[in-house]
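A look at the structure
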Number of protein chains: 2
Amino acid sequence: MSSDNQFLRSGCPIVNGLDIFGDRWTLVIIRDLVCGKETYSELADSPEKIPTNRLAERLKMLEAENMLVKELYQSKPKRYKYVLTKKGRDILPILQDIAKWGNNYVEGTWAPQEWFMETV
Amino acid sequence: MSSDNQFLRSGCPIVNGLDIFGDRWTLVIIRDLVCGKETYSELADSPEKIPTNRLAERLKMLEAENMLVKELYQSKPKRYKYVLTKKGRDILPILQDIAKWGNNYVEGTWAPQEWFMETV
DNA sequence: TCAGTGACTTCAATTTCGCAAGTAATTAAG
DNA sequence: CTTAATTACTTGCGAAATTGAAGTCACTGA
């Protein structure tokens, strides 16, 4: 009986969340998808200017984690849009709380659009 | 007039939150402080086994960001405990939401103690 | 005097990251 | 028919960050 652990670091739900989206770019991508962006180039166009290799890599990871699905919206040439699943959309409350914290404690940060913070 | 930006990446409150605590270890440290840990060795003892150089560096950063203060609790030898400020304690809702997401979507994760999830 | 403890620091070996440039498929323009 | 543009990536490389292990320093207690 091997003591192989199904978890990377521990069974803590916080740690396991962070091991999926707790990096420099993943929540930025999800923010943009929640806000209506759909294509690769729309996502690449954020004010934060994510490097394209990082964007491609994170999108693959999010797809592998079933946080989003790729949907063909044009066949010649093949073009896909990225659509959040419920698992991905359920990140929204986390984004809202981070945005609230950021607005409270980091001076000069933008106020998100009203609909984004709704029900918080 | 230089166009020097006060922000690392953008004025987005989410991005600016992440630029403080959106790394592999910071929220794990805050989790443990919220849960009652106070000293360096208590923090180093987590199941995730944070490398000690990382722990020291993140504690210095959190102090510089006024997320916590170092309090002397013994003078020979000098020993400090780490205490969250309001700015640091206000991370709790974010931790609660991540924990909820983790429990919902990562199979086998621990259920946090009841008090931790209170009022969520 | 000497092992032990708490709180770090230092260092070498990866790993990850960001930037720039390149590629592939296809459409549009001349 | 040839060339330029567009979208969506991929490749390569140096720089920066992370890890794990070991070392340091100030005491304390036996």
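What you are looking at is a predicted structure, and each value in this text was computed from that prediction instead of being measured.

Around DNA strand C, 20 residues are found, and the nearest of them are R24 and N53 of chain A together with S41, T52 and Y82 of chain B. Restricting the count to atoms of DNA strand C within 4 Å of the protein gives a sugar and phosphate share of 67%. One nitrogen or oxygen atom from the side chain of Y73 of chain B is found 3.4 Å from a phosphate oxygen belonging to DNA strand C. Within the residue set of the surface near DNA strand C, elements represented by two or more residues are α4 (52-64) of chain A together with α3 (40-44), α4 (52-64), β1 (68-75) and β2 (78-84) of chain B. Element by element, the count of residues in the surface near DNA strand C is highest for α4 of chain B, at 4 residues. When grouped by side-chain class, the residues that make up the surface near DNA strand C number 8 nonpolar, 6 polar and 6 charged.

As a further point, take the environment of K100 of chain B. Residues and elements named next belong to chain B. Residue placement: K100 occurs in helix α6 (residues 92-105). The partly exposed category is assigned to K100, whose relative accessible area is 39%. Along the backbone, K100 and G11 are 89 residues apart, and their C-alpha atoms lie at a distance of 28 Å. Discounting residues that sit within four places of it in the chain, K100 has contacts with M117 and V120.

Facing the 46 residues of chain A at the interface are 46 residues of chain B. Between chain A and chain B, a total of about 3,800 Å² is buried, with carbon and sulfur atoms accounting for 70% of that surface. If you sort the residues of chain A by the area they bury against chain B, R9, I14 and W101 of chain A come out on top, with a joint share of 20%. Seen at the junction of chain A and chain B, the total is 2 salt bridges.

Moving on: the relation of the copies chain A and chain B. The two copies are related by a screw operation: chain A maps onto chain B through 180 degrees of rotation and 0.0 Å of translation along the axis, at an RMSD of 0.1 Å. Those values place the two copies in the arrangement expected of a two-fold rotation axis. A shared interface surface links the copies, since 100% of the contact residues of chain A are contact residues in chain B too.

It is worth spelling out the packing of aromatic side chains at this point. Applying the stated criterion across every chain, the model contains 6 aromatic pairs over all chains. Seen in terms of ring centroids, W101 of chain A and Y105 of chain A are 5.3 Å apart; in terms of plane orientation they differ by 45 degrees. Their pairing is tilted. Linking W101 of chain A with Y105 of chain A, this pair stays in helix α6 (residues 92-105), spanning 4 residues, or about one helical turn. A centroid spacing of 5.7 Å and a plane angle of 75 degrees characterise the contact between W115 of chain B and F116 of chain B, whose relative ring orientation is edge-to-face.

For the rest of this paragraph, the subject is the protein's contact with DNA strand D. Around DNA strand D sit 19 residues, and of these S41, T52 and Y82 of chain A together with N53 and K76 of chain B come closest. When atoms of DNA strand D within 4 Å of the protein are sorted by moiety, sugar and phosphate together comprise 62%. Between a phosphate oxygen of DNA strand D and a side-chain N or O atom of K60 of chain A, the distance comes to 3.0 Å. Y82 of chain A places a side-chain nitrogen or oxygen 2.5 Å from a phosphate oxygen of DNA strand D. Secondary structure elements with two or more residues in the surface near DNA strand D: α3 (40-44), α4, β1 (68-75) and β2 (78-84) of chain A together with α4 of chain B. Ranked by residue count, the leading element in the surface near DNA strand D is α4 of chain A, at 4 residues. Along the lines of polarity and charge, the residues of the surface near DNA strand D split into 7 nonpolar, 6 polar and 6 charged.

With respect to the helices and strands, the residue G22 of chain B is situated in the loop between α1 (13-21) and α2 (26-34). Here G22 of chain B falls in the buried class, since its relative accessible area comes to 15%. Among all residues touching G22 of chain B, those that are not within four sequence positions of it are G22, D23 and R24 of chain A together with G17 of chain B.

What counts, and where the lines are drawn
- Residues numbered from 1 in each chain as written.
- Chains lettered and ligands numbered in written order.
- Predicted model: local features only at pLDDT ≥ 70, side-chain atom pairs only at ≥ 80, totals over all residues.
- Heavy atoms only, no water.
- Near = heavy atom within 4 Å.
- Polar contact = N/O pair within 3.5 Å; in protein donor to acceptor, adjacent residues only side chain to side chain.
- Helix = DSSP H or I, 4+ residues; strand = E, 2+ residues; numbered from the N terminus.
- Nonpolar A, V, L, I, M, F, W, Y, C, P; charged D, E, K, R; others polar.
- Buried < 20%, exposed > 50% of the residue type's maximum accessible area, 1.4 Å probe, protein only.
- Contact = heavy atoms within 4.5 Å.
- Buried area = accessible area lost by both parts, 1.4 Å probe.
- Salt bridge = Lys/Arg side-chain N within 4 Å of Asp/Glu carboxyl O.
- Least-squares fit on C-alpha atoms with pLDDT ≥ 70 in both.
- Phe/Tyr/Trp six-rings, centres within 6.5 Å; stacked < 30°, edge-to-face > 60°.

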